[in-house]
Amino acid sequence: MKMSFESDLLVPSISQFISILTDRAKVCVKDIRYDKPIGIVEVSMQRRELTGFKKSLLGEGQPVYSQKMIKSLLKIRNVEEMKLEINDRLATDCNSCFTVMLGLKIDNNQLYLGSVEEIQGNILCQIIIRVKKIDIEFCDEIDSVSREHLMSLSK
């Protein structure tokens, strides 16, 4: 899967879908890269495969995930500033990795990823990214078997 979205206006359904895809993803601090001079943040993550949606009692579609984990890359462009706040306990208790709570949140020109892991009400990791405009790319990495299959199809 590869999805790219660029807009000066926020389209709620797109932001909600990105949030659903990144909800409960596993992220390690070492897999967060910020290239300040060119204004790009990349976050490698392991996310659960989204298999579909089921209707809840209120009639809303609720995401259904499988146990399969997919290696994915979240790329954010036009970054003005990134703050990475890490509690020391993340390294000692969680091997510097965390589970994303409620997925990527987008509010105007600010994006947020926070951890499920907390101690006494304090979140162990949060990433706050301020952007000039929304420019997000989210793609799953293709494993070597799939890559070979795609190469054979293109011949």
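Refer to the structure printed above.
It should be emphasised that the depicted structure is a prediction, and the values quoted were computed from it without experimental measurement.

## Observations concerning the overall build of the chain
Part 1 of the reasoning: Helices and strands together make up the secondary structure of the chain, namely three helices and 13 strands.
Part 2 of the reasoning: With 155 residues in all, the chain has 37% of them scored as buried.
Part 3 of the reasoning: Pairs at least 24 apart in sequence give 62% of the contacts found in the chain among residues at least 6 apart.
Part 4 of the reasoning: Put simply, the chain shows about 9,600 Å² of open surface, and 52% of that area lies on carbon and sulfur atoms.

## Notes on the environment of Gly-52
Part 1 of the reasoning: Position of Gly-52 among the secondary structure elements: in strand β4 (residues 40–55).
Part 2 of the reasoning: In this structure, the C-alpha to C-alpha distance between Gly-52 and Gln-62, residues ten residues apart in sequence, is 8.4 Å.
Part 3 of the reasoning: Excluding residues that lie within four positions of it along the chain, Gly-52 makes contacts with Gln-62, Pro-63 and Val-64.

## Overview of the pattern of salt bridges
Part 1 of the reasoning: Following the criterion strictly, the structure yields ten salt bridges and no others.
Part 2 of the reasoning: Between Arg-130 and Glu-81 there is a salt bridge whose closest N-O contact spans 2.5 Å. Residue Arg-130 is located in strand β12 (residues 125–131), and its partner Glu-81 is located in strand β6 (residues 79–86); the two are separated by 49 residues in the primary sequence.

## Section: the pairing of strand β5 (residues 61–76)
Part 1 of the reasoning: Where β4 lies against β5, 13 bridges are found, and the strand directions are antiparallel. When the sheet's bridge partners are listed, Arg-48 is paired in β5 with Met-69.
Part 2 of the reasoning: If you look at the hairpin formed by β4 and β5, you'll find five residues sitting between the two strands, and Gly-59 has a positive phi there, around 85 degrees.
Part 3 of the reasoning: Where β5 lies against strand β13 (residues 134–140), five bridges are found, and the strand directions are antiparallel. When the bridges of β13 are listed, Ser-72 appears paired with Asp-140.

## Concerning the state of the cysteines
Part 1 of the reasoning: By the definition in use, this model includes one disulfide.
Part 2 of the reasoning: In this model, Cys-28 is linked to Cys-97 through a disulfide, with the two sulfur atoms separated by 2.0 Å. Because the sign of the S-S torsion sets the handedness, a value of about 95 degrees for the bond joining Cys-28 and Cys-97 places this disulfide among the right-handed ones. Here the residue Cys-28 occupies a position in strand β2 (residues 26–28), and Cys-97 occupies one in strand β7 (residues 97–99), the gap between them amounting to 69 residues.
Part 3 of the reasoning: The class for Cys-97 is partly exposed, based on a relative accessible area of 21%.
Part 4 of the reasoning: Not part of a disulfide, Cys-94 finds its nearest cysteine sulfur in Cys-97, a span of 8.5 Å.

Rules behind the numbers
- Residues numbered from 1 in each chain as written.
- Predicted model: local features only at pLDDT ≥ 70, side-chain atom pairs only at ≥ 80, totals over all residues.
- Heavy atoms only, no water.
- Helix = DSSP H or I, 4+ residues; strand = E, 2+ residues; numbered from the N terminus.
- Buried < 20%, exposed > 50% of the residue type's maximum accessible area, 1.4 Å probe, protein only.
- Contact = heavy atoms within 4.5 Å.
- Areas by Shrake-Rupley, 256 points an atom, 1.4 Å probe, with all protein chains shown as cover.
- Salt bridge = Lys/Arg side-chain N within 4 Å of Asp/Glu carboxyl O.
- Pairing = 2+ DSSP bridges.
- Disulfide = S-S within 2.5 Å.

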